[in-house]
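This is what each chain is made of:
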Amino acid sequence: MKRPAAVTELLEELKRLPGIGPKTAERLSFFLMRGSEDQARRLAQAIIHIKEKIVLCSQCHSITDKDPCEICSDPNRDRSTLCVVEEPHDVYIFENMGHFKGQYHVLMGVISPLDGVGPPDLTIDDLKRRVEQNNLKEVILATNPDMEGESTALYIAKLLKPYNVKISRIARGLPVGGDIEFADSVTLQKSLEGRMEL
Amino acid sequence: MGLYKTPGIVLRSMDLGEKDKLVTLMTEKFGKIKCVAKSARRMKSRFGASLEPLSYVHILYFGKEYQTLYQLNQADIRKSFQHIRENLDKLYRGLYFVELIDSLVTEGHPEPQLFDLLLEGLETLQEGNDLEPLCRLFELRIMAGLGYTPRLDLCISCKLDPGPGELGFSFLRKGVLCGPCTRKYQPETRITPGTLNTLRRMLSIEIRNSSRLKFPRGMEEEIGAITRRMVLAHLGRELRTYAFIKNMALV
Ligand SMILES: [Zn+2]
Ligand SMILES: [Zn+2]
């Protein structure tokens, strides 16, 4: 017996989602078929809402339901410090930590020569404009400590050099709770370079 | 199941799912291979910084013979080329070498000569300052290593010494043409005898001595027109990293 067309349609859509193969799609669709109509409606509405109500903040490029976002429009945040991150979800990770009181700039990716992703594909021009137009004291480069993240930080530092703003890079080295015995030579070297006076 | 141990250089490292990485390496003993590094994305992964592109590592991996995906057990850093990573002019050229190797070498065939070329290329890049001659040398030597050494001693058509005067170069027939044959066959590119002499030296010079190759003004473009076009003609497309080398000069 062939599957009803409506089921096939749902399966096809589910399989497009990241990390969902045919088996998981099948399981999810059975779950939804057994559930109430109300439950299905809520899920469908939630999906539509993220497309209708979520935009990118025109200032920091983070995802938000109002533009400018909550952080960019908050008068209590320090407007002289900018934390530059790769992706919108990095903003939430920093915010969950709760110790950073400045504002953000989301690059929407990272410079990756091997993938052909260059500065024009990111929000780097816009970052330069923000530095030019605002009286910033510090730009913190919080890209990942891998080859792409490091080289993107180097590129931005070079680009912002002509401006009168402090450019800093988040510390690299040993993870908290780690063990020197198992650290590789590069990580150990970075931790020595980034040492702090006590 | 086999367990393999070899020096290698990381060409690419891509995220695989939430925890793992897919790593492409150029190894000394087994050529280009792909490995899965389990849990390598985790902050406290035992692989640490070893799987970053350009890293020269000693690896231990296992899998069935003739399969295409292995499992990486261990990677110990021998050289991380920090100096290349901290200088964008050098980094983009290092990535250009890596992309050339990754694009031109097929998986699973031992190519010790090309492994040596990449290692020496990166070592010279780390120490040296004459970056353009090194890139041109790398292009010519990777083509030679793949079996496409251009004929530079005698004219490819009449087999006589090319002699002085304007000469030609044919990418199709991979070699130099003497003056009369150049006028007769109208090859794609014209070169001077000085460029020919430099190209000849470039076939035998040690990579680490690339700084001894002084390209006089004007010749740099002529050499590039030959070595870069040999790669492009073979590959049929531009390399992604090349634009970064050019654009970096503008920042
Ligand atoms: Zn914002
Ligand atoms: Zn001839």
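Given the structure is predicted, the values throughout are model-derived calculations rather than measurements. (Residues numbered from 1 in each chain as written. Chains lettered and ligands numbered in written order. Predicted model: local features only at pLDDT ≥ 70, side-chain atom pairs only at ≥ 80, totals over all residues. Heavy atoms only, no water.)

(A) The arrangement of the overall build of chain A in detail. The number of helices and strands found in chain A is eight helices and six strands. Across chain A, helices and strands are ordered from the amino to the carboxyl terminus as α-α-α-β-β-α-β-α-β-α-β-α-β-α. Counting all 198 residues of chain A, 36% fall into the buried class. Put simply, 48% of the contacts in chain A that link residues at least 6 apart link residues at least 24 apart. Of the roughly 12,900 Å² of accessible surface on chain A, a fraction of 56% belongs to carbon and sulfur atoms. (Helix = DSSP H or I, 4+ residues; strand = E, 2+ residues; numbered from the N terminus. Buried < 20%, exposed > 50% of the residue type's maximum accessible area, 1.4 Å probe, protein only. Contact = heavy atoms within 4.5 Å. Areas by Shrake-Rupley, 256 points an atom, 1.4 Å probe, with all protein chains shown as cover.)

(B) Quick peek at the coordination of the zinc ion (ligand 2). Residues and elements named next belong to chain B. For the zinc ion (ligand 2), the full set of protein donor atoms is C155 (SG), C158 (SG), C178 (SG) and C181 (SG), and the range of their distances to it is 2.3 Å. Around the zinc ion (ligand 2) sit four donor atoms; with metal-centred angles ranging over 101 to 117°, the donor geometry is tetrahedral. Each donor residue of the zinc ion (ligand 2) lies on the same chain, and together they follow the pattern C-x2-C-x19-C-x2-C. On the basis of relative accessible area, C155 is assigned to the buried category, the value being 0%. (Donors = N, O, S within 2.8 Å, 3.2 Å for Na, K, Ca; no water. Tetrahedral: all angles 85-135°; square planar, octahedral: opposite > 155°, others 65-115°.)

(C) How the structure looks around the coordination of the zinc ion (ligand 1). Residues and elements named next belong to chain A. On the protein side, the zinc ion (ligand 1) has C57 (SG), C60 (SG), C69 (SG) and C72 (SG) as donor atoms, found 2.3 Å from it. Between the four donor atoms coordinating the zinc ion (ligand 1), the angles at the centre fall across 107 to 116°, so the site counts as tetrahedral. For the zinc ion (ligand 1), all donor residues lie on one chain, and their spacing in sequence is C-x2-C-x8-C-x2-C. For the residue pair C69 and C72, the accessibility class agrees, reading buried in each case.

(D) The arrangement of the layout of surface pockets in detail. Residue and element names in this part refer to chain A. Estimates place the volume of the second largest pocket at around 450 Å³. Surrounding the second largest pocket, 16 residues form its lining, L10, L14, L32, L43 and I47 being those nearest its centre. At the level of elements, helix 1 (5-15), helix 2 (22-34) and helix 3 (37-53) are the ones that each hand at least two residues to the lining of the second largest pocket. In terms of residue count, helix 1 provides more of the lining of the second largest pocket than any other element does, six residues in total. Residues of the lining of the second largest pocket, tallied by class, amount to 14 nonpolar, no polar and two charged. (1 Å grid on protein atoms, 1.4 Å probe; cavity = no way out; pocket = protein on both sides within 12 Å on 5 of 7 lines; lining within 4 Å. Points joined across faces, edges and corners; volume = space filled by probe spheres on them. Nonpolar A, V, L, I, M, F, W, Y, C, P; charged D, E, K, R; others polar.)

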